[in-house]
Each structure stands twice: as C-alpha cells, then as structure tokens.
Amino acid sequence: MSGVEIAVELVALVVAVLLVTAAARKLDWSAPLCLIAVGVVASYVPGVPEYELDPEVVLLGLLPPLLYATAIRTSLIDFRRNRGPILLLSVGLVIFTTAVVGVVAWLVIPGLPLAAGLAIGAVVAPPDAVAATAVARKVGMPRKLTRLLEGESLFNDAAALVALRTAIAAIAGSVSLLQVGGDFLLAAGGGLVIGFAVGALAALIRTRLEDPVTDTALSLVVPFVAYLAAEAIHGSGVISVVVAGLILGHKAPSMLSGRSRLASRLNWQTIQFLLENIVFLLIGLQVRRIMTEVGDSGLTALELVLICAATLAATIVTRIIWMAGIGLARRVFRRHAWPWRYSAVIAWAGMRGVVTLAAAFVLPADTPQRAVLVLVAFVVVAGTLLLHGTTLPVLVRRLKLPSPDPAEDALQEAAVLHDMTRAALEELEKIRTPEDPEDIVERLRSRLQHRSDSAWEELGRQSTLTETPSDAYRRLRLRLLEVEREKFLEARDFGMADDDVLRRILERLDIEESMLDREEETVPDSDRELRTPAATAGSCKHLTKDWPAVEPSSPDVCAVCVENGMTWVHLRECVKCGNVACCDSSPGKHATEHFHDTLHPVMRSHEPGETWRWCFVDKQLG
C-alpha cells in the first residue's frame, strides 16, 4: 500500500468520526454505538478498504495515550480516597470475571480447553469506562460513581492483560501457580516503580521548561516511554502509564505555566477524542473479517448464537453478582457500604471497548477455536454497549440518583476564590512599596475583587435580577473585543504591522476572551436550594452557635440603598439582629458595613432558595 493510500484512509477515518459523532450528538444517540454500527455497515460495502485492527498497534500505539489522557485528568486525592473500591473493581472483579466467564466458555464451546476459556474470560473482563463516563456526565450521575468508574478503567486493563498472558502460557502448557503469582507481582511492582520514576523525571524536566510547544511535545512522549520501559522489564506498561499520568496531573498546577496547562489540556482532549472514536469505528470495520474466519469453525449458526449469548450473559451477570457480594460483605462485617442504588448503577456500567477486541486478536493463531473467541469478544463489546449504553441513563433516572449540584459547585467556587483573593490582597499590602503608583495598586485590588465578586454573584441566579455587574462587564467587554478584533483584521489586511506583532496581539485578545467565558452548567438551577456543602462547612464558634430566630428588617430591599437612591445585586441578612443589607458585589456593600458598625459576626443569604451563611470574623462558610 502506498503512502498516499495510507494517508487517504487515515483522513477518511477522521472525517467519518467527525461526521458520525456530530450526528450522534445532534440526535442525542450514543456515539460509540453509532460508530460501531457505521463500521459494521461499511465493512460490507464494496470498495471499502479492509482495516486490520493490529493488536500491537492498539496495545502500544493507542492504549498508552488513551490511559495517559484519562490519568492526567484524574484527581490523585480522589484516587487515594477511593483506592479500596477501585482495587476491588479493577483487580478483584477482573479475576472473578476471568474465572467465571472462562468456565462458561469452556462448557459451551466444543473442544475448547479450559486455558483457552480462561483466555477469553480475561479478554472480556475489563470494562471500558469511556462510554460509561460519557453516559454518566450526560445524565448527571453522582461524581463519586464517575470517579470509581474512571479509576476502575485505569487499572483493570493491567489486571486483564496479565491474566491473558498467563492463560496464553497455560494453553502452551508452561505455567504454574507459583509462576502466575510471580508474574502478577512483577507486573504490578515493575509498573509502579517505572511509572513513578518516569513521572518524577518528566515532572523535573517540565518544571524547567517555559515554552508550551516544547512542554507539549515532551508530554506526548511520556506515555510511550513509561509503557515501553515497563514492558522491557516484564512489568505492566498499563500501570506504568497510569502512575506517571497521575503524578504529572497532580503536579501540573505547580510545575507548568498557565499557557502550558492550557495548551496541554486542549491537545490531550483532542488526542483522546480522535483516538477513542477512531477505535470504535475500527471495531465495527472488523466484522466482515471476523465472520469470514468464523465460517471455517464448523459450528452452526444456532450454536454460534448460543455461545455468544451465554458468554455475554455470563459477563453481565458476573459483574452484578460481584457488586451484590461486595454490598453483602460490607454489611456483614459492618463496614461502610455504598447505597444499593450506587451498587446497581456500577453493576450495570460494564460496557466493554477497544481493549477487549484488541486482546482477542492477541490470541495466538494456533489457539483452539480462535475465530469463535474473537467473535465472542466482538459480541460482548457490541452487546454491552447496546444493552448498557441504552438503558443506563434510564436506570440512573429511575433510581433518582443525586446529580452534581451546580449550586453547591458555585458556592464552593465562590468560597475558594474568596480565600485566594483575600490572600492575594494581604500579600499585595506586604510587597507594595512607596514607589509603586497608587493607581496600579488600586487596579490590582479592583481586578482581584471583581473576580471574587463575580463568583458570589453566580449564587444569586434565582433572584429577579437579570444581569449582575459581572454579567454587564462580560457583555460589554465581549462587544469591545469584537470591535478590537475588527480593527485588528483591518490592520492585518492592510499590512500595517509585522505578522509576528499581529500574532502576539491576537494571542492577548484570545486569552482575555477565554477568561470572560463561563460554562452554563456552573449556574445554579432555580429549583435547587443553595445550602452550604458539607465539604466546605466551617467549624468556627460563630457558625456553630445556635442563633435565635429573628425577624428580618425587610422582606426584599436594602433600606440604606433605597434611602441613598442606590441599587443592589444580592441581599444578606444579619443572623443576630435581622438587618437586611446589600452584598459586596453591590456599590454600597452595606452588609459588610453593618458588620464593621456592630461587630455582629454572621450573616446569611437573604435570597430565595439560599441558606448558606458567612462568618465575617473567621472568613468561613457554615
């Protein structure tokens, strides 16, 4: 095949992915399912080239960057907090699935050795959390469940590939129980050591890089170095990539510049999008080849249907049994257990993906009934995507699981930004010198305070005020940026400045515009009660005090603002005396003025649907 033909085929794959994913998004369908379906149909269209899914290309070329892209976005803090449940799913469940599905395959496939049955069990054992987490975010699944599924997907591939390697050795009759244990320890230990070493070394190098292009180029190499180095010592390349990604993702805020973080985030999101979706399309394109090979197996169509149905059922039921067993064991031993609704969703989020089909092609050519095993792997991938992918959203809604609360997110954001602003303002007073121009210092104060105020303003979307001061600033500044960009284009078209100068100017405009954008999901829903989240609840003596109920001084106005002919943004109420006054985003800032006049320490929101409180003394939410 010539280089031009290869380039054309790659472009065709990317264009097909873009078209199908865009259509799926518009129709609100599952993109992975649509891509597989399009691939299946295309595989039978005359003239469509046969894309062979080379297992080495998947395991070495696609799996490391996909795992790395997920790992750098995974919170190391959350991973440590949930490491027990994640290990139960990513290691325990993989081993259990391998054993159960292996025995079922051994029983239903004529002439299949038990070792080959365990091999197909290992192949179908690891779920692919890409589809599951896509559904999770779309339907608003609790973040804890999403993190568990992501954590499971990071390590279950390693356990499954080690189990597959062992089963393939057993097919050849050259494995012992001691060797199995040794291989597993070597894979896990070697992967951890290499991953930590690569992650630490990459962090050390990237800390010294200032150019975003060089930094991004280095980040593209890291997953492959981690994978190859671990595999060279017979460790787990998967574990190595994941550990390196977790380390670099955790260190990114302290070792990279803002420009480098923006570039890295956008580049890896693009890479992940293309690789994930191209893989699903390639899975569908394998169907014609798989069916051709199965035709030589000597089994009837009915036998093949029964074999595939039995293996698919065993794969699904095994996960359900495992989750039920975990819940029962935790209750018996009186350990903290997940709510049964959480267990039900995790049990039904077992969609399989690219690793399953790639692992099936890894099976040696002389494996008994290899073609049938590859067909089984494809049916498990397609079947779980179809069954779970279409019913998981319904299950989440029927169980009425609490979705992430935008109001709580907004309150946490406001609290963190407030602390950051206060620290910055305090530092500004320490470092300023008499020679520093007062207007520059005041500009810094205003900019810091505006960022904090805009976050607090997001909390009051339930009020009748249609536009906050920050909204007005954003609207006006965006319009001014449009005018500035028009003038920029005029200067470019008439050659009024050098191209390098123009690029620097455009970069400044783009950065400022990106800072003005706010994602709509951060705005609290009007039907949610905005209360202080447990994670940010304060513990100061003023907030924990049982304040007696008092009558607010006004139902819906700031009396001082009315008296002075001023307007307000949001209202706050003193919990000690009931005085209602305007917030710090308002011109008068009369709630803070009331505190300085009376030293009454705690105020609460006076807006409908908001019950959070703030201590002026200790600067804490409660």
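Quick note: structure is the one above.
Residues numbered from 1 in each chain as written. Predicted model: local features only at pLDDT ≥ 70, side-chain atom pairs only at ≥ 80, totals over all residues. Heavy atoms only, no water.

Student: Where do I start with the overall build of the protein chain in this structure?
Tutor: When you go through the protein chain residue by residue, the secondary structure sums to 24 helices and five strands. By residue count, 47% of the 622 residues in the protein chain fall in the buried class. In the protein chain, once contacts between residues fewer than 6 apart in sequence are set aside, the share between residues at least 24 apart is 76%. A total accessible area of about 31,000 Å² is found for the protein chain, and carbon and sulfur atoms account for 62% of it. (Helix = DSSP H or I, 4+ residues; strand = E, 2+ residues; numbered from the N terminus. Buried < 20%, exposed > 50% of the residue type's maximum accessible area, 1.4 Å probe, protein only. Contact = heavy atoms within 4.5 Å. Areas by Shrake-Rupley, 256 points an atom, 1.4 Å probe, with all protein chains shown as cover.)

Student: Teacher, can you tell me more about the packing of aromatic side chains here?
Tutor: How two aromatic rings sit relative to each other is set out by the distance from centre to centre and by the angle between their planes. As enumerated under the stated definition, the model contains four aromatic pairs in all. A ring pair is formed by Tyr68 and Trp268, whose centres lie 4.9 Å apart and whose planes are at 55 degrees; its orientation type is tilted. With Tyr68 in helix H3 (residues 55-71) and Trp268 in helix H12 (residues 258-285), this pair connects stretches of sequence that are 200 residues apart. Of the residues examined, Tyr68 reaches a relative accessible area of 1% and is grouped as buried. Relative accessible area serves as the criterion here: at 3%, Trp268 is assigned to the buried category. (Phe/Tyr/Trp six-rings, centres within 6.5 Å; stacked < 30°, edge-to-face > 60°.)

Student: Any chance you could explain the packing of H3 against helix H16 (residues 354-362) here in plain terms?
Tutor: A packed helix pair is summarised by two numbers, namely the angle formed by the two axes and the spacing between the axes. Closest axis-to-axis distance for the H3/H16 pair is 8 Å, and the angle between their directions is 140 degrees. Compared by their axis directions, H3 and H16 come out oblique. Every residue of H16 that contacts H3 at Pro55, Val58, Leu59 and Leu63 is listed here: Val354, Val355, Ala358, Phe361 and Val362. Looking at the contact of H3 with H16, its residues break down into nine nonpolar, no polar and no charged. (Axes fitted to C-alpha atoms, helices over the stretch in contact; angles between N-to-C directions. Parallel < 35°, antiparallel > 145°, perpendicular 65-115°, else oblique. Nonpolar A, V, L, I, M, F, W, Y, C, P; charged D, E, K, R; others polar.)

Student: For this particular structure, what's the right way to read the packing of helix H5 (residues 83-108) against helix H8 (residues 143-171)?
Tutor: Remark: H5 packs on H8, axes separated minimally by 8 Å, with the N-to-C direction vectors making an angle of 40 degrees. Classed by the angle they form, the pair H5 and H8 counts as oblique. For the pair H5 and H8, the crossing hand works out as right-handed. Here Pro85, Ile86, Leu89, Ser90, Val91, Leu93, Val94 and Thr98 of H5 come into contact with H8, specifically with Leu148, Gly151, Glu152, Phe155, Asn156, Ala159, Ala160 and Ala163. (Left-handed = near helix turned anticlockwise from the far one by under 90°.)

Student: How do you make sense of unusual backbone geometry when you look at a structure like this?
Tutor: Peptide bonds are mostly trans, and most non-glycine residues show a negative phi. Phi is positive for Gln369, which is not a glycine, with a value near 55 degrees. Counting through the fold element by element, Gln369 comes out in the loop between H16 and helix H17 (370-398). For Leu599, which is not glycine, the phi dihedral falls at a positive 60 degrees. Considering the arrangement of structural elements, one finds Leu599 in the loop between helix H24 (590-598) and strand E3 (602-605).

Student: Can you walk me through the pattern of salt bridges in this structure?
Tutor: Applying the stated criterion across every chain, the model contains 17 salt bridges. Between Asp78 and Arg147 there is a salt bridge, with its nearest N and O atoms 3.0 Å apart. Residue Asp78 is located in helix H4 (residues 76-81), and its partner Arg147 is located in helix H8; the two are separated by 69 residues in the primary sequence. For Asp78, a relative accessible area of 16% translates into the label buried. Overall, the relative accessible area of 33% leaves Arg147 in the partly exposed class. Across the pair Glu442 and Arg445 runs a salt bridge, and its minimum N-O distance is 2.9 Å. On the criterion of helical spacing, the pair formed by Glu442 and Arg445 is a turn pair, its members being three residues apart in helix H19 (residues 438-457). On the accessibility criterion, Glu442 (42% relative accessible area) is partly exposed. (Salt bridge = Lys/Arg side-chain N within 4 Å of Asp/Glu carboxyl O.)

Student: Would you mind showing me how to read the pairing of strand E1 (residues 571-574) here?
Tutor: Remember that side chains alternate between the two faces of the sheet whenever the strand is regular. The alternating pattern of E1 places Leu571 and Glu573 and Arg572 and Cys574 on opposite faces, both of which are buried. Across three bridges, E1 lies against strand E2 (residues 580-582) in antiparallel orientation. What sits directly across from Arg572, in E2, is Ala581. Hairpin connection from E1 to E2: five residues lie between these consecutive antiparallel strands, with Gly578 at a positive phi of about 85 degrees. Where E1 and E3 come together, three bridges link them in antiparallel fashion. Across the sheet, residue Glu573 finds its bridge partner in E3, namely Arg604. (Pairing = 2+ DSSP bridges.)

Student: Where do I start with the pairing of E3 in this structure?
Tutor: Sheet topology places E3 next to strand E4 (residues 613-615); three bridges connect them, and they run antiparallel. Bridged to Val602 within E4 is Cys615.

Student: So what exactly am I meant to see when it comes to a nonpolar patch on the surface here?
Tutor: On the surface, Val103, Trp106, Leu107, Val108 and Leu114 cluster together to form a nonpolar patch covering roughly 430 Å² of accessible area. For the nonpolar patch, the leading source of residues is H5, giving four residues. Mapped onto the elements of the fold, Trp106 is located in helix H5. (Patch = residues over 30% accessible without salt bridge, like charges linked within 9 Å, V, L, I, M, F, W, Y side chains within 5 Å.)

Student: Quick question: what am I supposed to make of the nonpolar core here?
Tutor: A general trend in soluble globular proteins is that nonpolar side chains are found buried together. Counting 118 residues, the largest nonpolar core has Ile120, Val123, Leu145, Ile283, Val345 and Leu392 as its most contacted members. Broken down by element, this core gets its largest block of residues, 13 residues, from H17. Counting residues in each nonpolar core, the second largest holds twelve residues, with Leu411, Ala415, Leu417 and Phe616 among its members. (Core = buried A, V, L, I, M, F, W, Y, C linked by side-chain atoms within 4.5 Å.)

Student: Hey, could you run me through the sheet that holds E3 in this one?
Tutor: Sheet strands associate in pairs through backbone hydrogen bonding, adopting either a parallel or an antiparallel arrangement. Judged by pairing direction, the sheet is antiparallel, and its five strands sit side by side in the order E2-E1-E3-E4-E5 without closing on themselves. Looking at which strands have only one partner, the edges of the open sheet turn out to be E2 and strand E5 (620-621). Together, E1 and E2 form the strand contacts of H24, whose direction differs from that of E2 by roughly 120 degrees.

Student: Explanation requested: the side chain of Ser264 in the structure shown.
Tutor: Along the chain, Ser264 turns up in helix H12. In this structure Ser264 comes out as buried when scored by relative accessible area, which is 10%. With residues near it in sequence (within four places) discarded, Ser264 still touches Arg206 and Thr216.

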